[in-house]
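Residue strings, one per chain:
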Amino acid sequence: QKGMKHLAAYMLCTLGGKENPTEADIKKVFNSIGAQVDAQKLSALLAQVKGKNIHDIIAEGTKKLASVPSGGGAAPAAAGGAAAAPAATGKPAK
C-alpha cells in the first residue's frame, strides 16, 4: 500500500501540470500532508516511470487490471422458507 501513496502523489503532480515529476515534487506533496516518504519506494517508482508519460502508465495499468479476476457473478438465491410477497393492487385484502 505504501507504494500506492507514492504513485498517487506522482499522479497528483502530473494533474498539477508537471509532465515528469521529480523526487522533490513528490516529496513536496507528502510534506504538504505531513506524511513520510519511503526513499526506496520513491526511487523504485521513478525508475519504473522514467521516460513514460502518464497516459502510457495508465494504459499499462489498465491492461494489467483487465487480466485480474473481479469476482464471481450473481449471488445465489435464498434457500427455503419465505414465499414471494403478493403484488400490491391497491385493494384491501378480504
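Above this text you will find the structure in question.
Residues numbered from 1 in each chain as written. Predicted model: local features only at pLDDT ≥ 70, side-chain atom pairs only at ≥ 80, totals over all residues. Heavy atoms only, no water.

A. Structural view of the overall build of the protein. A count of helices and strands for the protein gives 4 helices and 0 strands. The linear arrangement of helices and strands in the protein, starting from the amino end, is α-α-α-α. In the protein, which comprises 94 residues, the proportion classed as buried is 16%. Put simply, of all contacts in the protein between residues at least 6 apart along the chain, 47% involve residues at least 24 apart. In the structure as shown, the protein presents an accessible area of about 7700 Å², 59% of it carried by carbon and sulfur atoms. (Helix = DSSP H or I, 4+ residues; strand = E, 2+ residues; numbered from the N terminus. Buried < 20%, exposed > 50% of the residue type's maximum accessible area, 1.4 Å probe, protein only. Contact = heavy atoms within 4.5 Å. Areas by Shrake-Rupley, 256 points an atom, 1.4 Å probe, with all protein chains shown as cover.)

B. Main features of the nonpolar core. By size, the foremost hydrophobic cluster in this structure holds 11 residues: Ala9, Tyr10, Cys13, Ile26, Phe30, Leu42, Leu45, Leu46, Val49, Ile54 and Ile57. Listing elements by their share of this core, those giving two or more residues are helix 1 (2–15), helix 2 (23–32), helix 3 (39–49) and helix 4 (54–66). Here this core gets 4 residues from one element, more than from any other, and that element is helix 3. Residues contacting Ile26, with those up to four places away along its chain left out, are His6, Ala9, Tyr10, Cys13, Pro21, Leu42 and Leu46. (Core = buried A, V, L, I, M, F, W, Y, C linked by side-chain atoms within 4.5 Å.)

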